[in-house]
Amino acid sequence: AGIGCSRADIDTVVLSHGDFDHIGGLVAGDPPAGLRPAFPGARVACPAVVADHYRDRDPDEEGNIATRILATVRAAGLLDEVPDGAEVAPGVRLTLAGGHAPGHSVVEVGDYVHAVDVLHHPAHVLHPEWDSGFDQDPPAGLATRRAWIEGLAADGRLVSFAHVTGFGRIERDGAGHRWVPLT
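Residues numbered from 1 in each chain as written. Predicted model: local features only at pLDDT ≥ 70, side-chain atom pairs only at ≥ 80, totals over all residues. Heavy atoms only, no water.

1. Notes on the sheet that holds strand β10 (residues 158-161)
The strand order β6-β7-β8-β9-β10-β11-β12 describes an open sheet built from 7 strands, whose pairing is mixed. Every other strand in the sheet has two partners, leaving β6 (87-89) and β12 (176-181) as the edge strands with one partner each. Shown here is a sheet whose adjacent strand axes are inclined to one another by a mean of 30°, direction ignored. Where strand β7 (residues 92-96) meets strand β8 (residues 105-109), 5 bridges bridge the pair, whose relative direction is antiparallel. (Pairing = 2+ DSSP bridges. Helix = DSSP H or I, 4+ residues; strand = E, 2+ residues; numbered from the N terminus. Axes fitted to C-alpha atoms, helices over the stretch in contact; angles between N-to-C directions.)

Dropping the structure here:
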């Protein structure tokens, strides 16, 4: 609203995974029967693995808000279930980054990567093994973190993470890596 954009002006929403802090804003209203899409004209690009994982789960299962939210968006005809590596808007790609949550994906936009929950703190760049507390598959999460850290250090792309303030780059630092925030 501060820049003159309303919810109705949004035409695409990109979903990284089904955790409550990443999916909750897709709907408005009161659950269960009063939910409606929060962005009424927007297509929601959702990793197919995420949609498949939550499709038939019990919506009242503890910690599961994704089943009901995805069903609401699907019923409105706005859900686009996309495969790994899909271009969901011009120059915007969703790439699976497994281990954290089913279908967890990063968003790549040209030379910028929003690596979502690949890691949760700048210290995890140097110590990726410290960041397994929220992973549903800790060995896969660690392998994913290591691969993304190595790749981002090698190509120098600008990166952000959902739970790390600001933008930065990952650089080699001796035998390891370090987080270099933009100033």
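2. Focus: helix α5 (residues 138-155)
Taking 1.5 Å per residue, 18 residues should reach 26 Å; α5 reaches 26 Å between its end C-alpha atoms and fits that length. Residues of α5 that are buried include every one of Gly141, Thr144, Arg145, Trp148, Ile149, Leu152 and Ala153, and no others. Mapping the buried residues of α5 onto a view down its axis gives an arc of 150°, with all of them on the same face. In α5, those exposed residues whose orientation departs by more than 90 degrees from the buried face are Pro139 and Ala154. Gly156 occupies a position one or two residues after α5 and carries a positive phi of about 70°. (Expected span 1.5 Å × (residues − 1). Buried < 20%, exposed > 50% of the residue type's maximum accessible area, 1.4 Å probe, protein only. Arc of directions from axis to C-beta.)

3. Side note on the sheet that holds strand β1 (residues 12-14)
One open sheet accounts for 3 strands, arranged β1-β4-β5; its pairing is parallel. Each having just a single partner strand, β1 and β5 (79-82) make up the two edges of the open sheet. Strand-to-strand twist of the sheet, defined as the mean angle between neighbouring strand axes without regard to direction, takes the value 25°. Here strand β4 (residues 43-47) pairs with β5 via 4 bridges, running parallel. Looking at the pairing, Pro47 lines up with Val82 of β5. Contacting β4 and β5, helix α2 (residues 48-55) crosses the sheet at an angle of about 85° to β4. (Contact = heavy atoms within 4.5 Å.)

4. Examining the packing of α2 against helix α3 (residues 66-75)
Relative placement of two packed helices is described by the angle separating their axes and the distance separating the axes. Direction vectors running N to C along α2 and α3 enclose 110°, while the axes themselves pass 9 Å from each other. The orientation of α2 with respect to α3, classified from their angle, is roughly perpendicular. The handedness of the crossing between α2 and α3 is left-handed. Two secondary-structure elements touch here, α2 through Val50, Ala51, Tyr54 and Arg55 and α3 through Ala66, Thr67, Leu70 and Arg74. When the residues that make up the contact of α2 with α3 are grouped by side-chain class, the tally is 5 nonpolar, 1 polar and 2 charged. (Parallel < 35°, antiparallel > 145°, perpendicular 65-115°, else oblique. Left-handed = near helix turned anticlockwise from the far one by under 90°. Nonpolar A, V, L, I, M, F, W, Y, C, P; charged D, E, K, R; others polar.)

5. Side note on the packing of aromatic side chains
Taken as a whole and judged by the stated rule, the model has 2 aromatic pairs. Pairing Tyr112 with Phe167 gives two aromatic rings, centres 5.8 Å apart and planes at 55°, and the pair type is tilted. Residue Tyr112 is found in strand β9 (residues 112-114), and its partner Phe167 is found in strand β11 (residues 164-173); the two are separated by 55 residues along the sequence. Accessibility expressed as a relative area gives 21% for Tyr112, which makes it partly exposed. Over the ring of Phe39 we find Arg7, and its NZ or CZ is 4.9 Å from the ring centre. (Phe/Tyr/Trp six-rings, centres within 6.5 Å; stacked < 30°, edge-to-face > 60°. Lys NZ or Arg CZ within 6 Å of the ring centre and 35° of its normal.)

So, to be careful, I would describe these as geometric facts and stop short of saying anything about function.
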